[in-house]
Amino acid sequence: MIHPDLFPALPPDVEDMDIENLCSALENIRRPLVQAVFADLYRNPFWEDRYGETGRLSIPRDLDQHLDYLLTALRLRSPEYLTEYFRWVRHAVILRGMCTHHLTQVLASLSVNLATLLSEEDFQALTPFLEAARHSLEYSHFACRALSPHVDLISRQTAQFAYPEEEQHARRELCRRDVLIYLSYLMDAVEKNNPEIFSGYLEWLKGFDRKYGISTRELVLSLGEIHRQIEQRLDAEYAQPFIHILTHLPALNGNN
């Protein structure tokens, strides 16, 4: 899958890193680290509802695999090795029904928990490797690269549009997080030239929302505002791939 000999070494200023001691420190925290990241993820009912018992078994294995590749990258002194690995992981998780933002959340949780469980010196030594992993999640499609800088603002403004009242603050924050996921699935669909990535997620989401008593109103309002925000913020050439998907959503046709 990944060939270690294809990747260059770290710059000279980190050549003197005590790699084996750092790898030993990572091995010593492997179990509590995997448990902490798994717990972070499963606070969101998405994971249980979408993957059930299969996810409870496979996600810890996936996290262990991420650590194995981190250890290999360290021993190679090659952050680029981790970049290539997470590019492959990103493709794999999209095929399994996740989105790029879910993988961003995994990396964020890994980073937070590594900072907690390791010494400050050891954590700082991992910084170029964690940055390389995050870099692997950047989009290559021209439209996705144009939209990416706007997603945080669009998510906030869409949530404000759906829940404008001050007393709706808690629901507004949940909506903001949901919109980040919608935008990630939408960009993944454009990146992979596969609109079903987005429409398939919405089809699953309708059942999820019914289960948890979430009104379809929020989804409809959010998608309409996302559409408007993209048209407003991007030139027509960049907006067109997203607008095409948003205006051809079989998953929503005929639903309240």
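Scroll up for the structure.
My aim in this report is to walk through the structure given alongside it, one point at a time. Note that the coordinates shown come from a computational prediction; the quantities given were computed from them, not determined experimentally. (Residues numbered from 1 in each chain as written. Predicted model: local features only at pLDDT ≥ 70, side-chain atom pairs only at ≥ 80, totals over all residues. Heavy atoms only, no water.)

1. Some words on the overall build of the protein chain
And then number 1: A tally of regular secondary structure across the protein chain gives twelve helices and zero strands.
And then number 2: Element order for the protein chain, N to C, with α for helix and β for strand: α-α-α-α-α-α-α-α-α-α-α-α.
And then number 3: Relative to the globule expectation of 18 Å for 256 residues, the C-alpha radius of gyration of the protein chain, 20 Å, shows essentially globular dimensions.
And then number 4: With the principal axes as the frame, the protein chain shows a C-alpha extent of 60 × 40 × 35 Å.
And then number 5: Each of the 256 residues in the protein chain was classed as buried or not, and the buried ones make up 47%.
And then number 6: When contacts within the protein chain are restricted to residue pairs at least 6 apart in sequence, long-range pairs at least 24 apart make up 74% of them.
And then number 7: Of the roughly 13000 Å² that the protein chain leaves accessible, carbon and sulfur atoms contribute 52%.
And then number 8: The protein chain carries 25 positive and 37 negative side-chain charges, and their two centres are separated by 6 Å. (Helix = DSSP H or I, 4+ residues; strand = E, 2+ residues; numbered from the N terminus. Rg over C-alpha atoms; globule rule 2.2 N^0.38 Å. Buried < 20%, exposed > 50% of the residue type's maximum accessible area, 1.4 Å probe, protein only. Contact = heavy atoms within 4.5 Å. Areas by Shrake-Rupley, 256 points an atom, 1.4 Å probe, with all protein chains shown as cover. Lys, Arg positive; Asp, Glu negative; His and termini not counted. Charge placed at Lys NZ, Arg CZ, Asp CG, Glu CD.)

2. Some details on the nonpolar core
And then number 1: Phe 198, Ile 226, Ile 230 and Phe 242 are the most contacted members of the largest nonpolar core, which totals 82 residues.
And then number 2: Counting residues per element, this core draws most heavily on helix H3 (residues 45-76), which supplies eleven residues.
And then number 3: Residues contacting Phe 198, with those up to four places away along its chain left out, are Tyr 182, Tyr 185, Leu 186, Ala 189, Leu 223, Ile 245, Leu 246 and Leu 249. (Core = buried A, V, L, I, M, F, W, Y, C linked by side-chain atoms within 4.5 Å.)

3. Some remarks on the environment of Asp 62
And then number 1: Relative to the helices and strands, Asp 62 is located in helix H3.
And then number 2: Spatially, the C-alpha atoms of Asp 62 and Val 89 are 9.5 Å apart, while their sequence positions differ by 27 residues.
And then number 3: A polar contact of 2.8 Å, which involves the side chain of Asp 62, links it to the side chain of Arg 96. (Polar contact = N/O pair within 3.5 Å; in protein donor to acceptor, adjacent residues only side chain to side chain.)

4. Re the side chain of Ser 222
And then number 1: With respect to the element layout, Ser 222 can be found in helix H11 (residues 216-233).
And then number 2: Separated by 2.8 Å, the side chain of Ser 222 and the backbone oxygen of Glu 218 make a polar contact.
And then number 3: Once residues lying within four places of it in the same chain are set aside, the contact partners of Ser 222 are Thr 158, Cys 175, Val 179 and Tyr 182.

5. Observations regarding the environment of Trp 47
And then number 1: With respect to the helices and strands, the residue Trp 47 is situated in helix H3.
And then number 2: Using a relative accessible area of 2% as the deciding quantity, one classes Trp 47 as buried.
And then number 3: Here the alpha-carbon distance between Trp 47 and Thr 104, two residues 57 residues apart in the chain, equals 15 Å.
And then number 4: With residues near it in sequence (within four places) discarded, Trp 47 still touches Leu 41, Tyr 42, Gly 52, Ile 59, Met 98 and His 102.

6. Let's talk about the packing of helix H4 (residues 79-95) against helix H5 (residues 100-117)
And then number 1: Interaxial distance between H4 and H5 falls to 9 Å at its minimum, and their mutual angle equals 130°. By the criterion of interaxial angle, the relationship of H4 to H5 is oblique. Here H4 and H5 pass one another in a crossing that is right-handed. Between H4 and H5, the contacting residues are Phe 86, Val 89, Arg 90, Val 93 and Ile 94 on the first element and Thr 100, Leu 103 and Leu 107 on the second.
And then number 2: A breakdown of the residues in the contact of H4 with H5 according to their chemical character gives six nonpolar, one polar and one charged. (Axes fitted to C-alpha atoms, helices over the stretch in contact; angles between N-to-C directions. Parallel < 35°, antiparallel > 145°, perpendicular 65-115°, else oblique. Left-handed = near helix turned anticlockwise from the far one by under 90°. Nonpolar A, V, L, I, M, F, W, Y, C, P; charged D, E, K, R; others polar.)

7. A word on the packing of helix H2 (residues 30-41) against H5
And then number 1: Contact geometry of H2 with H5 gives a least axis separation of 9 Å together with a crossing angle of 135°. Here H2 lies oblique to H5, going by the angle between them. When you trace H2 past H5, the crossing you get is right-handed. Contacts between H2 and H5 pair Pro 32, Leu 33, Ala 36, Val 37, Asp 40 and Leu 41 from the former with Val 106, Ser 109, Leu 110, Asn 113, Leu 114 and Leu 117 from the latter.

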